[in-house]
Amino acid sequence: MAGGAQRSGPAACAAGAPGLLPLLLLLLSAAAIVHRGDGQNLVTEDVTVVEGDVATISCRVKNSDDSVIQLLNPNRQTIYFRDFRPLKDSRFQLVNFSNSELRVSLTNVSISDEGRYFCQLYTDPPQEIYTTITVLVPPRNLVIDIQKEIAVEGEEIELNCTAMASRPATTIRWFKGNKELTGKSEVEQWSDMYTVTSQLVLKVGREDDGVPVICLVDHPAVKDLQTQRYLEVMYKPQVRVSQNYPVQGLTREGEPLELTCAAFGKPQPTDMRWLRVDDEMPQHVVVSGSNLLISNLNKTDNGTYRCEASNAVGKSHADYMLFVYDPPTTIPPPTTTTTTTTTIPTTITDTTATTEPAVHDSRAGEEGAIRSVDHAVVGGVVAVVVFAMLCLLIILGRYFARHKGTYFTHEAKGADDAADADTAIINAEGGQNNSEEKKEYFI
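Chemist: Where do I start with the overall build of the chain in this structure?
Modeler: Within the chain, the secondary structure is distributed over four helices and 27 strands. By residue count, 30% of the 443 residues in the chain fall in the buried class. Considering only contacts within the chain whose residues lie at least 6 apart along the sequence, 62% involve residues at least 24 apart. When the accessible surface of the chain is summed, it comes to about 28,500 Å², and 54% of that surface belongs to carbon and sulfur atoms.

Chemist: For this particular structure, what's the right way to read the sheet that holds strand β21 (residues 271-276)?
Modeler: Sheets are built from strands paired through backbone hydrogen bonds, the pairs being either parallel or antiparallel. Ordered in space as β21-β24-β25, the three strands form an open sheet in which the pairing is antiparallel. The open sheet has two free edges, formed respectively by β21 and β25 (315-322), since each of these has just one partner strand. When strand polarity is set aside, the average angle formed by the axes of neighbouring strands in this sheet is 15°. Pairing of β21 with strand β24 (residues 303-310) involves six bridges; the strand directions are antiparallel. If you follow Trp-274 over to β24, its bridge partner there is Cys-307.

Chemist: Which parts of the structure should I look at to understand the environment of Leu-72?
Modeler: Mapping Leu-72 onto the fold places it in strand β4 (residues 69-72). Distance from Leu-72 to Tyr-130, taken between C-alpha atoms, is 9.2 Å for residues 58 residues apart in sequence.

Chemist: Help me out: how do you make sense of the side chain of Glu-128 in this one?
Modeler: Along the chain, Glu-128 turns up in strand β9 (residues 127-136). Take Glu-128: its relative accessible area is 3%, and that puts it in the buried class. In terms of polar contacts, Glu-128 uses its side chain to reach the side chain of Gln-120, at 2.6 Å.

Chemist: When you look at the nonpolar core in this model, what are you seeing that I'm missing?
Modeler: The tendency in soluble globular proteins is for nonpolar side chains to be buried as a group. Grouped together as the largest cluster of nonpolar side chains are 23 residues, with contacts concentrated most on Leu-71, Ile-79, Phe-92, Leu-102, Tyr-117 and Ile-133. Listing elements by their share of this core, those giving two or more residues are β2 (47-50), β3 (55-61), β4, β5 (78-81), β7 (101-106), β8 (115-121) and β9. Looking at this core element by element, the count peaks at four residues for β3. For Phe-92, the contacting residues outside a window of four places in its chain are Ile-79, Tyr-80, Arg-85, Leu-87, Val-104, Ser-105, Leu-106 and Tyr-117. Formed by 20 residues, the second largest nonpolar core is a distinct cluster that contains Ile-146, Cys-161, Ile-172 and Val-233.

What counts, and at which threshold
Residues numbered from 1 in each chain as written. Predicted model: local features only at pLDDT ≥ 70, side-chain atom pairs only at ≥ 80, totals over all residues. Heavy atoms only, no water. Helix = DSSP H or I, 4+ residues; strand = E, 2+ residues; numbered from the N terminus. Buried < 20%, exposed > 50% of the residue type's maximum accessible area, 1.4 Å probe, protein only. Contact = heavy atoms within 4.5 Å. Areas by Shrake-Rupley, 256 points an atom, 1.4 Å probe, with all protein chains shown as cover. Pairing = 2+ DSSP bridges. Axes fitted to C-alpha atoms, helices over the stretch in contact; angles between N-to-C directions. Polar contact = N/O pair within 3.5 Å; in protein donor to acceptor, adjacent residues only side chain to side chain. Core = buried A, V, L, I, M, F, W, Y, C linked by side-chain atoms within 4.5 Å.

Right, here's the structure in full:
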């Protein structure tokens, strides 16, 4: 052709016959099928996206040689040929184009967009690699159905939680308060969607009234999706009897007694009454609603008093066992007379003084015992001292008597061998003359 360079290849076909471009691209795509394998120059990744979000597909070239890159949909229709979009789907938008990458975004993804998308590179031989788009669909509805809106204590109730139209199937977990429970799940598939129903059988008690039962969904497309129902449990009354007076201490004869009955239930108890177990209620007992009053206790009041309460669920009672003790007695101060001797003090107590029972006169008994012990100790010490002094006097007396006899014997020693009295006197005098030579010492 004159006036310009001759075009060849796809560009010439595109210039000479614009209507043939889509057909040419399709033929080139069919001729360039090379499966994913090692040594490929193309790189891509699988994409997981939640329905309604944006998916991004990236076709990258490791070692670029200016070859043409194109992207095809699961039906092998060209989405982008280089930076040109033949497909008339405006949800596909070009994010980036260069010799080494073709990146395209798909907005408002739906389940129909799920499948394999192909990246092709026109080399010799042509190369192809695919990426898979997976679309997640969260449950559209989460509902708890309960068998009984109001349950009675001790009954078993059935709860069902349903998660509809999800992809993939959801996992349902049950909680009662903070405690996890185990349910039984069933899965139904409708086309490409799944419906899961979990059943929970629960035996309820009064402690479950007002407690939430939670149905929680585990699904990759959603976080913290849950719904709950509060349990409503009816139960018979719980009865408690308390003593208002005397606040502390024993119930004694002649003193008053006041009792109060408290009952809690669902529904609230409407009927409450006092009675005496195994006997008739005394005539002087006053019952006013939940209170019982005895103004003047006596021994005939001993027994068990019962408070009964009832509601639509049932009847309960609580018992109070009454034992009337003897009245307290007043102790006059004890009268004592004390006489003292020279050695041991003696205490004489008037036996006519009034005393209390052993429980109440423990302090007086302890004081008398202490005084008796003191007197006994003093008397014992004095007796020991007197006995020791007597023993000492006896020992000293015998000692002096013995040494005195020995002294007289030595003094008359010269007269023992005399033949007559004159000789004895002479010897005695000689003995006196020799007294300076012989001396006796007494210590």
